Amino acid sequence: MPTKPADLSLRFSAKSAAWAICLTTLGPLFFATAFSSVAVAQGQQATMQAAERAAMEAQGGPSGYEKMEPGYDDMDMYDAEMEDQGMGDPYGESGYGSGYGGQPNSRGGGDLKPSPTVMLEVFQLDWSPLAERVQQVLTSASTSQQPVALGPVLRNEAHVAYRYGNLPLALQLFHGFIARGSDAAEQQMDQIKFSKHFRKPLWHLRVGVSLGVHGDSSTTDPSPITDSGTSRGMGNGEMGMGMDSGMMGMEMEMANSMQGMEDAMREGMAGMEEEMGMGGMDMYEEDMGMAGMGMPGMGMSGRGRPNQAATPSVPKAEMTDSEVNSRMEKFLGLVADTVKTGLSKRISDGKFGHALVDVEAESTTQGHTVNGETVDEAPQSMWIPSVLFVGEGNSRDTIKTAHNLELDLLFHFDVGLKENRMGAVSNISRVKVMDARTGKTLVSSAAMDNTEVERMTRVGRGSPSAYVDEQLKSLWAVVDERLTLSDLPTLSPEVARKRVAQVLGDRSMTPLRKLAEIRYYGYRGWLTPDEVEQAFEITGGPDAMKVLHGSESQAIEAIHKLVVETEASDS
């Protein structure tokens, strides 16, 4: 069945569409410019020919209308005879002509034709209107691809902050969205949970991780447990080290070879461009006012990109920190991967709360700014979504940092390294979960020893992943039993009022976190409107009252102000 034209139109990319617009819009302009320039050129050419004939007549020389000198008739006969045999001058009547230093052909004034180079020098065409119009069309097409925000402003801003890796800011905006209490926020309100361990309602259990390395921490290869079970620094003494060194050498040699091939290809392409005269294109682009335009998709500096002043680029959203992840992988290997998978599964399932678990990392419908500005980098980045990396050090220090960050739980990884005389490294790691409010250890995993995994896989007694899972089994049991969240039970008005009194006196909670919980109790009917208003005023004064009773714009402005004040007090 033949394809309809409408179907084909859907296959155009955004860039193809942009160039189609350019051609459609600029075709008439280009034609008019070129046509007028050619008309002027022809008029000036006729003037030059007339002037030349007049000069020759004044000097007594022959004009194109007088009798030719003897011998020219014979030449005409020769030319005609050659043409009859299909051997006419392939370069035209003028041969190489005066453009290469020869004598001009004087067989008729109408045959005088200046070279293209002379034409460009004499009739300097003004291409700037065309260049400006092309730039306008390209800029318009690029601007249309900027992220467009759809839906509630505060919810979008919370998602934007989360996508750019600023979890504290994202949570503040999320709580502000709940505190405003719009119809769009009711679904999020209903997802509040209860922590049996912390004895409080919440939308998000704040979790952090830290890393502590001790022993021979300066070793270049910490030899963590891997999927294959063979640690990089283990093996049979020097043999294992030798094999690893050999493999590393081969990898480096291959990488260097590939780099050399790429460099050679670049040099070759550059040479081809010079030989083909492509190096002069920049000069012509400059003369025509089109040097900044270029062609899209060429990958050259300054080409294929819109004017930066007209369309500021959108910074790339990076939710997690790749450097932190590399650091964890370096010392923990399969242990880090297993804990990461376990935490991510519980977070996505809502075991630690439903706040922000539905954020799309590549969303194009929520904008890219908060209060009109790009998102600042957070002091603590995320190792995985919703899990902050607190830092490195012993657990006594990192738990204090977690407490100051107002986290609830801290997963601390402890790694002990010991290198023997043969160069093999023993790597023993443990994971413990700590209460960031009290500093107490809630549960610890069994030790995970790379040498034990090495022996186990050598004799075929099991897989490294099964070994790590077994060592973490008791830890996950406690997490699932005591630390994951459950449904919030129905509260009586008396219990709700007591809880509000606790909230108002809790210095670890941000004002917006307090307002969100108070608003929820009012939404459920456990507090009267007067009680909600009184609690709002105690918590945030006039700004909180704008959140409760103000217009949408007033509420958003007040929430932004409370966010800034909280960040200032924490810094």
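Residues numbered from 1 in each chain as written. Predicted model: local features only at pLDDT ≥ 70, side-chain atom pairs only at ≥ 80, totals over all residues. Heavy atoms only, no water.

Caption draft 1: Structural context of the overall build of the chain. Each helix and strand in the chain was counted, giving 19 helices and 10 strands. Scored against the burial criterion, the 571 residues of the chain give a buried share of 37%. Considering only residue pairs separated by 6 or more positions, the chain has 70% of its internal contacts joining residues 24 or more positions apart. Split by element, the accessible area of the chain, about 33,200 Å² in all, is 54% carbon and sulfur. (Helix = DSSP H or I, 4+ residues; strand = E, 2+ residues; numbered from the N terminus. Buried < 20%, exposed > 50% of the residue type's maximum accessible area, 1.4 Å probe, protein only. Contact = heavy atoms within 4.5 Å. Areas by Shrake-Rupley, 256 points an atom, 1.4 Å probe, with all protein chains shown as cover.)

Caption draft 2: How the structure looks around the pairing of strand E8 (residues 441-444). As judged from the three bridges shared by strand E7 (residues 425-435) and E8, these two strands associate in the antiparallel manner. Note that in E8 the partner of Val433 across the bridge is Val443. Between E7 and the antiparallel strand that follows it, E8, lie five residues; Gly439 among them carries a positive phi value of about 85°. (Pairing = 2+ DSSP bridges.)

Caption draft 3: Spatial organisation of the layout of surface pockets. Volume-wise, the largest pocket comes out at about 1,000 Å³. Along the wall of the largest pocket there are 39 residues; nearest its centre are Pro168, Leu169, Gln172, Glu567 and Asp570. If you list the elements that add at least two residues to the lining of the largest pocket, you get helix H7 (167-180), strand E2 (200-202) and helix H19 (552-570). (1 Å grid on protein atoms, 1.4 Å probe; cavity = no way out; pocket = protein on both sides within 12 Å on 5 of 7 lines; lining within 4 Å. Points joined across faces, edges and corners; volume = space filled by probe spheres on them.)

Caption draft 4: Here's a closer look at the pattern of salt bridges. Inspection of every chain in the model, using the stated rule, returns 14 salt bridges. Put simply, Glu454 and Arg458 hold a salt bridge, and the shortest N to O gap is 3.7 Å. You can see Glu454 and its partner Arg458 sitting in helix H14 (residues 450-458), four residues apart, about one turn around the helix. Put simply, Lys200, Asp408 and Arg437 are held in one network by salt bridges that share partners. (Salt bridge = Lys/Arg side-chain N within 4 Å of Asp/Glu carboxyl O.)

Caption draft 5: Here's a closer look at the environment of Ser363. Structurally, Ser363 is set in the loop between helix H12 (334-348) and strand E4 (382-384). Ser363 sits 203 residues away from Val160 along the chain, and the two C-alpha atoms are 8.8 Å apart. Engagement of the side chain of Ser363 in a polar contact is seen with the backbone nitrogen of Thr365, the distance being 3.4 Å. (Polar contact = N/O pair within 3.5 Å; in protein donor to acceptor, adjacent residues only side chain to side chain.)

Caption draft 6: A look at the sheet that holds E2. Spatially, three strands are ordered E2-E1-E10 in an open sheet, and the strand pairing comes out antiparallel. On the outer flanks of this sheet lie E2 and strand E10 (486-487), each paired with one strand and no other.

Caption draft 7: Main features of helix H11 (residues 322-332). Residues of H11 that are buried: Val324, Met328, Phe331 and Leu332. The arc that holds every buried residue of H11, seen down its axis, measures 85°, which confines them to one face. Among the exposed residues of H11, those oriented more than 90 degrees off its buried face are Ser322 and Glu323. In this fold, the buried residues of H11 make contact with strand E3 (207-215), H12, E4, strand E5 (387-392), strand E6 (409-419) and E7. (Arc of directions from axis to C-beta.)

Caption draft 8: Local environment of the packing of aromatic side chains. In this structure the tally under the stated criterion is seven aromatic pairs. Seen from their ring centres, Tyr520 and Tyr523 are 6.3 Å apart, and the 45° between their planes marks the pair as tilted. Linking Tyr520 with Tyr523, this pair stays in helix H17 (residues 511-523), spanning three residues, or about one helical turn. Tyr520 gets classed as buried once you look at its relative accessible area, which sits at 2%. Seen from their ring centres, Tyr520 and Trp526 are 5.8 Å apart, and the 85° between their planes marks the pair as edge-to-face. Counting every residue linked through ring pairs, the aromatic cluster contains Trp203, Tyr520, Tyr521, Tyr523 and Trp526. Its guanidinium or amino end placed over the ring of Phe198, Lys200 lies 5.7 Å from that ring's centre, counting from NZ or CZ. Lying across the ring of Trp476, Arg346 places its NZ or CZ 4.1 Å from the centre. (Phe/Tyr/Trp six-rings, centres within 6.5 Å; stacked < 30°, edge-to-face > 60°. Lys NZ or Arg CZ within 6 Å of the ring centre and 35° of its normal.)

Caption draft 9: The arrangement of the pairing of E7 in detail. Pairing between E6 and E7: 11 bridges, direction antiparallel. Bridge assignment links Lys418 to a residue of E7, and that residue is Ser426. Taking the residues that link successive antiparallel strands as the turn, the E6-E7 hairpin has five residues, and the phi of Gly423 there is positive, at about 95°. Bridge analysis of E7 against strand E9 (residues 448-449) gives two bridges, and the strand direction is antiparallel. The partner of Ile428 across the bridge, within E9, is Asp449.

Caption draft 10: Representation of the side chain of Thr484 in the model. Residue position: Thr484 is located in the loop between helix H15 (464-483) and E10. Among the residues examined, Thr484 registers a relative accessible area of 10% and is labelled buried. Polar contacts involving the side chain of Thr484 include one to the main-chain carbonyl oxygen of Asp480, which spans 2.9 Å. Residues in contact with Thr484, not counting those within four places in the same chain, are Lys351, Phe352 and Val479.

Caption draft 11: Seen up close, the environment of Ser217. Counting through the fold element by element, Ser217 comes out in the loop between E3 and helix H9 (238-275). Given the relative accessible area of 39%, Ser217 is considered partly exposed. Sequence spacing of Ser217 and Val415 is 198 residues, and the spatial spacing of their C-alpha atoms is 9.1 Å.

Caption draft 12: Seen up close, the packing of H12 against H15. At a closest axis distance of 10 Å, the pairing of H12 and H15 adopts a crossing angle of 40°. Of the possible angle classes, the one that applies to H12 and H15 is oblique. H15 is crossed by H12, and the crossing has right-handed handedness. Contacts between H12 and H15 involve Leu334, Val335, Thr338, Val339, Gly342, Leu343 and Arg346 from the former and Pro464, Ser465, Val468, Asp469, Leu472, Trp476, Val479 and Asp480 from the latter. Within the contact of H12 with H15, the residues separate by chemical class into nine nonpolar, three polar and three charged. (Axes fitted to C-alpha atoms, helices over the stretch in contact; angles between N-to-C directions. Parallel < 35°, antiparallel > 145°, perpendicular 65-115°, else oblique. Left-handed = near helix turned anticlockwise from the far one by under 90°. Nonpolar A, V, L, I, M, F, W, Y, C, P; charged D, E, K, R; others polar.)

Caption draft 13: Focus on helix H16 (residues 493-505). For H16, built from 13 residues, the straight-helix expectation of 18 Å at 1.5 Å per residue is met to within 8% by its first-to-last C-alpha distance of 19 Å. Every buried residue of H16 is listed here: Ala496, Arg499, Val500 and Val503. The arc that holds every buried residue of H16, seen down its axis, measures 105°, which confines them to one face. Pointing more than 90 degrees away from the buried face of H16 are the exposed residues Lys498 and Gly505. (Expected span 1.5 Å × (residues − 1).)

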